[in-house]
Amino acid sequence: MNKMGAAIKCLAVATAMAAALGSAEEVKNHYILCEVDVKCAAIPVFAYIGSSSSNYVTVIDTDANVVVALVDVGQTTTGVAVNPAGTRAYFANGESLVVLDTSTNAMVATVAYGVGSDLVASVAVTSDGTRVYVTDPQNQGIAVIDTATNRVISAELGGAHNVFALAPTPDGTHLYVTNSYDDTITVVDTVARTVVATIPVNNPYTSPPSAAGDWSALPLGVVLNRAGTRAYVANAWLSNQAGGDVYMSVVDTATNAIIANVPTGPAESIAITSDPDGTRVYLSNGAVIDTASNSIVATLPLDTHGENSVRGLALTPSGTRLYAAVTSPPSVIVIDVNTRSVVATIPIWWGTPFAMGQFIAPPIPRAVDTDVQP
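Conventions we followed
Residues numbered from 1 in each chain as written. Predicted model: local features only at pLDDT ≥ 70, side-chain atom pairs only at ≥ 80, totals over all residues. Heavy atoms only, no water. Helix = DSSP H or I, 4+ residues; strand = E, 2+ residues; numbered from the N terminus. Buried < 20%, exposed > 50% of the residue type's maximum accessible area, 1.4 Å probe, protein only. Contact = heavy atoms within 4.5 Å. Areas by Shrake-Rupley, 256 points an atom, 1.4 Å probe, with all protein chains shown as cover. Pairing = 2+ DSSP bridges. Phe/Tyr/Trp six-rings, centres within 6.5 Å; stacked < 30°, edge-to-face > 60°. Salt bridge = Lys/Arg side-chain N within 4 Å of Asp/Glu carboxyl O. Axes fitted to C-alpha atoms, helices over the stretch in contact; angles between N-to-C directions. Core = buried A, V, L, I, M, F, W, Y, C linked by side-chain atoms within 4.5 Å. pLDDT = per-residue confidence, 0-100. Polar contact = N/O pair within 3.5 Å; in protein donor to acceptor, adjacent residues only side chain to side chain.

(A) How the structure looks around the overall build of the chain. Regarding its fold elements, the chain presents 2 helices and 31 strands. When burial is assessed residue by residue, the chain has 55% of its 374 residues classed as buried. Excluding contacts between residues fewer than 6 apart, the proportion of contacts in the chain whose partners are at least 24 apart in sequence is 44%. When the accessible surface of the chain is summed, it comes to about 14600 Å², and 53% of that surface belongs to carbon and sulfur atoms.

In structure tokens, the structure reads:
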């Protein structure tokens, strides 16, 4: 049987397995691995959590919510991202990037790209998996790494003072980068490797209003919706700084202008993520934002851990479970976004959890050739 026939047969088996698993959540949290002789297995999706205080990476089975592996990667890590195929996980610390083979949890490369391993680094992978972008805070730029060769192909790509987080557009042609100390968002053309826009994050809520560069907004986490039409930015200090709401900024990517500042409650946010269909944005202070109305519609139990405690957010591919890397107490919190309740707390005993980036691997259907045996 050829690969096309194998894929068709696997699709039928995957459909049957979907019914057997019993819920969309269970299906979407698994790979469906099929052989042409219709032997199939559900393989769980994993979350990968770095540590800012140890050399260990923690691997969590998101089906059972248990730690299944500890990997010594030889360095502390704050940025984490998994490629869309789920085959590689990338970990950065501002100085070098570690590449992990997710099938074996073995290191396959360490890529030197910057200096300043004591600074927070963030990682993002393009939707086609060919490029990894990683912040280089000390050099105030972005490094671009070719995933085929695990080599730096561009260093110090445009950023500004203390680049913090980054998010590529779905088509991979542009990159949105937060510059926390400049109170700006840099837009980079990844093809031309040039800065095409710098968006000021002014603070109109202070008296008098503050301009970008006054340390009055502190933009941190950034995420784009699936369509690539909006970028959402978590600001730690965009408020009246006297106990009022902290605001999330919404950027129209067609004009590269901020079109809304959305109140998210009194606690600051560092991390941010979006659900798969782009209807909800989740912030690390627990706020849930409806993207149609740009308003807060729910609050999840994250703010109880302290506004400076959450260092990474990621959703399962179904969008129904939110994972938060929490520094105090060191743990990963799992929240059911429908019931708005904590369904698991996974202690982390071997470091300080830190995972700025998409640290959960998405599931994909895989058809295996006839020569491969279980």
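(B) Local environment of unusual backbone geometry. Following Ser-207, the chain continues into Pro-208 via a peptide bond in cis, with omega recorded as -5 degrees. Secondary-structure assignment places Pro-208 in the loop between β17 (194–200) and β18 (219–224). Residue Pro-329 is bonded to the preceding Ser-328 through a cis peptide linkage, with omega at -10 degrees. Locating Pro-329 in the fold gives a position in the loop between β27 (321–327) and β28 (330–336).

(C) The pairing of strand β20 (residues 247–252), seen in detail. Most of β20 sits inside the fold, with 6 of its 6 residues counted as buried. Residues Tyr-247, Ser-249 and Val-251 of β20 are buried on one face, and the alternating residues Met-248, Val-250 and Asp-252, pointing to the opposite face, are buried as well. Relative to β20, strand β19 (residues 230–235) runs antiparallel, the two being bridged by 5 bridges. Paired with Ala-234 across the bridge in β20 is Met-248. As defined by bridge partners, β20 adjoins strand β21 (residues 257–263) across 6 bridges and the pair is classed as antiparallel. Bridging from a neighbouring strand, Val-250 pairs with Ala-260 of β21. Connecting β20 to the antiparallel partner β21 that follows it, the hairpin turn spans 4 residues, and Asn-256 within it adopts a positive phi of roughly 55 degrees.

(D) Quick peek at the packing of aromatic side chains. Summed over all chains, the structure comprises 2 aromatic pairs. Pairing Tyr-205 with Tyr-247 gives two aromatic rings, centres 4.0 Å apart and planes at 0 degrees, and the pair type is stacked. Of the two residues, Tyr-205 is situated in the loop between β17 and β18 and Tyr-247 in strand β20; the sequence distance between them amounts to 42 residues.

(E) Expanded view of the pattern of salt bridges. In total, this model carries 5 salt bridges according to the counting rule given. Note that Arg-280 and Asp-290 form a salt bridge whose closest N and O atoms lie 2.5 Å from each other. On the criterion of sequence distance, the pair formed by Arg-280 in strand β23 (residues 280–283) and Asp-290 in strand β24 (residues 287–290) is long-range, its members being 10 residues apart. Look at Arg-280 and you get partly exposed, because its relative accessible area is 27%. Asp-336 is paired through a salt bridge with Arg-321; the nearest N and O atoms lie 3.9 Å apart. Here Asp-336 is found in strand β28, whereas its partner Arg-321 is found in strand β27, with 15 residues between them in sequence.

(F) View of the sheet that holds strand β7 (residues 88–92). With antiparallel pairing, 4 strands are arranged side by side in an open sheet as β6-β7-β8-β9. Of all strands in the sheet, those with a lone pairing partner are β6 (79–82) and β9 (106–112), marking the two edges. Each strand of the sheet is rotated relative to its neighbour by a mean of 20 degrees, with strand direction disregarded.

(G) Representation of the sheet that holds strand β30 (residues 353–354) within the structure. Taking strand neighbours across the sheet as the criterion, the 4 strands line up as β5-β4-β3-β30 in an open arrangement whose pairing is antiparallel. The open sheet terminates on both sides in strands that have one partner only, identified here as β5 (66–72) and β30.

(H) Molecular detail of the nonpolar core. In this structure, Tyr-176 and Leu-322 are the most contacted members of the largest nonpolar core, which totals 38 residues. Listed in part, the 29 residues of the second largest apolar core include Val-82, Ala-314, Ile-346 and Ala-355.

(I) Examining the confidence of the model for the chain more closely. On average, residues of the chain score 84 in pLDDT, and 81% of them reach the 70 mark or higher. Highest mean pLDDT in the chain belongs to β20 (98); lowest belongs to helix α1 (residues 3–21) (36). Scored below 50 in pLDDT, residues 1–40 shows 78 contacts in the model against residues more than four places distant or in partner chains. Note that pLDDT drops below 50 for residues 363–374; the model gives that stretch 35 contacts with residues more than four away or on any other chain.

(J) Seen up close, the environment of Ala-106. Within the secondary structure, Ala-106 is located in strand β9. The sequence separation of Ala-106 and Val-73 amounts to 33 residues, and the corresponding C-alpha distance is 8.9 Å. Sequence-distant contacts of Ala-106, defined by excluding residues within four places in its chain, comprise Val-99, Leu-100 and Asp-101.

(K) Inspection of the side chain of Ser-331 at higher detail. Within the fold, Ser-331 resides in strand β28. Overall, Ser-331 belongs to the buried group, its relative accessible area being 3%. Side-chain polar atoms of Ser-331 contact the backbone oxygen of Pro-329, separated by 2.9 Å. In this structure Ser-331 touches Ala-324, Ala-325, Val-326, Thr-345, Ile-346, Pro-347, Ile-348 and Pro-353, once residues within four positions along its chain are discounted.

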